[in-house]
Amino acid sequence: MEKTFWSDAARGGAYVGLLLAASSVVETGLVLSGKLGLYVLLLVEWLAVVALHFYLLYRFARRRSALYGAADGFTFGQGYGYVISMSLPAGLILGVANYIFLHLVLGYGNYVEKISDIVVRFSSMGGGMNAPVKTLVEQLRNTPEPSLFSTILGGVWSSVLFAAFFGLIVAGLLARSPQPFADNDNE
């Protein structure tokens, strides 16, 4: 069963990673649009992805728990470890997708300029740019481009952080004590 643990975790993590990568691309596109109306859609999309992410973690962990009979049980630690293990390949896929999209598709310099322009435009709506906003825009433009490694590490970190929190819920819902006599009918 240990052999299938990692392949099951990688397979489930790949599905979760593809969801997170697609969500990241959509969210970046919505942010770069600079339209306030689409920012409401961004919130709706984010909530939908959180719910779907939780559902996928639960679904794959439930499938894993079904491999254990009543006599074995399925401990909280097994469920939690499985959810965390799924989040590693998911984060890897997310990080690689973020790097490709931000650096190769959009161009990182173009991305920073668009974000800076949006900050300037929204701050000028409130009556003009003040010193902290000017400093923020200057810092955005002077920040060095993140490396492939740091982008992937960021994707893994965000995925593991989500799984660390919601994995507690998933593992708690799926945990069951061993019942060694559940299968015996001695009557």
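Bear in mind the structure is a predicted one, so any value in this text is a computation, not a measurement.

**Brief notes about the packing of aromatic side chains**
Here comes step 1: Considering all chains together, one arrives at 9 aromatic pairs under this definition.
Here comes step 2: Between Phe 5 and Tyr 82, the ring centres sit 5.5 Å apart and the planes meet at 70°, which makes this aromatic pair edge-to-face. Of the two residues, Phe 5 sits in helix H1 (residues 2-33) while Tyr 82 sits in helix H3 (residues 76-105), which places them 77 residues apart along the sequence. Of the two residues examined, Phe 5 and Tyr 82, each falls in the buried class.
Here comes step 3: Geometrically, the ring pair formed by Tyr 15 and Phe 60 is stacked, given 5.8 Å between the ring centres and 10° between the ring planes. With Tyr 15 in helix H1 and Phe 60 in helix H2 (residues 36-65), this pair connects stretches of sequence that are 45 residues apart.

**Let's talk about the nonpolar core**
Here comes step 1: Of all hydrophobic cores here, the largest spans 22 residues; its most connected members are Val 16, Leu 57, Ala 61, Tyr 82, Val 83, Met 86 and Val 170.
Here comes step 2: Only H1, H2, H3 and helix H6 (148-174) provide two or more residues apiece to this core.
Here comes step 3: With 6 residues, H2 is the largest single contributor of residues to this core.
Here comes step 4: The residues touching Tyr 82, leaving out its near neighbours within four places in the chain, are Phe 5, Asp 8, Ala 9, Phe 60, Ala 61 and Arg 64.

**Thoughts on the packing of H3 against H6**
Here comes step 1: One can describe the packing of H3 onto H6 by two numbers: an axis separation of 6 Å at closest approach and a directional angle of 150°. On the basis of their axis angle, the class for H3 and H6 is roughly antiparallel. Read as a crossing pair, H3 and H6 show a hand that is right-handed.
Here comes step 2: Of the residues that constitute the contact of H3 with H6, the class distribution is 19 nonpolar, 12 polar and no charged.

**Brief notes about the packing of H2 against H3**
Here comes step 1: Where H2 contacts H3, the axes come no closer than 10 Å and their chain directions differ by 125°. Classified by the angle their axes make, H2 and H3 are oblique. In this structure, the crossing between H2 and H3 has a hand that is right-handed. The residues of H3 that touch H2, namely those facing Leu 57, Phe 60, Ala 61 and Arg 64, are Tyr 82, Val 83 and Met 86.
Here comes step 2: A per-class count over the contact of H2 with H3 returns 6 nonpolar, no polar and 1 charged.

**Concerning the pattern of salt bridges**
Here comes step 1: Inspection of every chain in the model, using the stated rule, returns 4 salt bridges.
Here comes step 2: Taking the shortest distance from any N to any O, the salt bridge between Arg 11 and Asp 8 comes out at 3.1 Å. With a gap of 3 residues between them, Arg 11 and Asp 8 both fall in helix H1, about one helical turn apart.
Here comes step 3: Assessed through its relative accessible area of 46%, Arg 11 is described here as partly exposed.
Here comes step 4: Classification of Asp 8 by relative accessible area gives buried; the value is 18%.

**A short note on H6**
Here comes step 1: For H6, which comprises 27 residues, the first-to-last C-alpha distance of 36 Å matches the rise-based estimate of 39 Å (1.5 Å per residue) to within 8%.
Here comes step 2: Bending of H6 peaks at approximately 40° at the position of Phe 166.
Here comes step 3: Within H6 the residues assigned to the buried category are Thr 151, Ile 152, Gly 155, Val 156, Ser 159, Val 160, Phe 162, Ala 163, Gly 167, Val 170, Ala 171 and Leu 174.

**Description of a nonpolar patch on the surface**
Here comes step 1: Judged by side-chain polarity, Phe 76, Phe 165, Leu 168, Ile 169 and Leu 173 come together as a nonpolar surface patch covering roughly 480 Å² of accessible area.
Here comes step 2: Ranked by the residues each element gives to the nonpolar patch, the list is headed by H6, at 4 residues.
Here comes step 3: On the basis of relative accessibility, which here comes to 38%, the residue Ile 169 falls in the partly exposed class.

What counts, and where the lines are drawn
- Residues numbered from 1 in each chain as written.
- Predicted model: local features only at pLDDT ≥ 70, side-chain atom pairs only at ≥ 80, totals over all residues.
- Heavy atoms only, no water.
- Phe/Tyr/Trp six-rings, centres within 6.5 Å; stacked < 30°, edge-to-face > 60°.
- Helix = DSSP H or I, 4+ residues; strand = E, 2+ residues; numbered from the N terminus.
- Buried < 20%, exposed > 50% of the residue type's maximum accessible area, 1.4 Å probe, protein only.
- Core = buried A, V, L, I, M, F, W, Y, C linked by side-chain atoms within 4.5 Å.
- Contact = heavy atoms within 4.5 Å.
- Axes fitted to C-alpha atoms, helices over the stretch in contact; angles between N-to-C directions.
- Parallel < 35°, antiparallel > 145°, perpendicular 65-115°, else oblique.
- Left-handed = near helix turned anticlockwise from the far one by under 90°.
- Nonpolar A, V, L, I, M, F, W, Y, C, P; charged D, E, K, R; others polar.
- Salt bridge = Lys/Arg side-chain N within 4 Å of Asp/Glu carboxyl O.
- Expected span 1.5 Å × (residues − 1).
- Bend = angle between axes of the 7 residues up to and from the residue.
- Patch = residues over 30% accessible without salt bridge, like charges linked within 9 Å, V, L, I, M, F, W, Y side chains within 5 Å.
- Areas by Shrake-Rupley, 256 points an atom, 1.4 Å probe, with all protein chains shown as cover.

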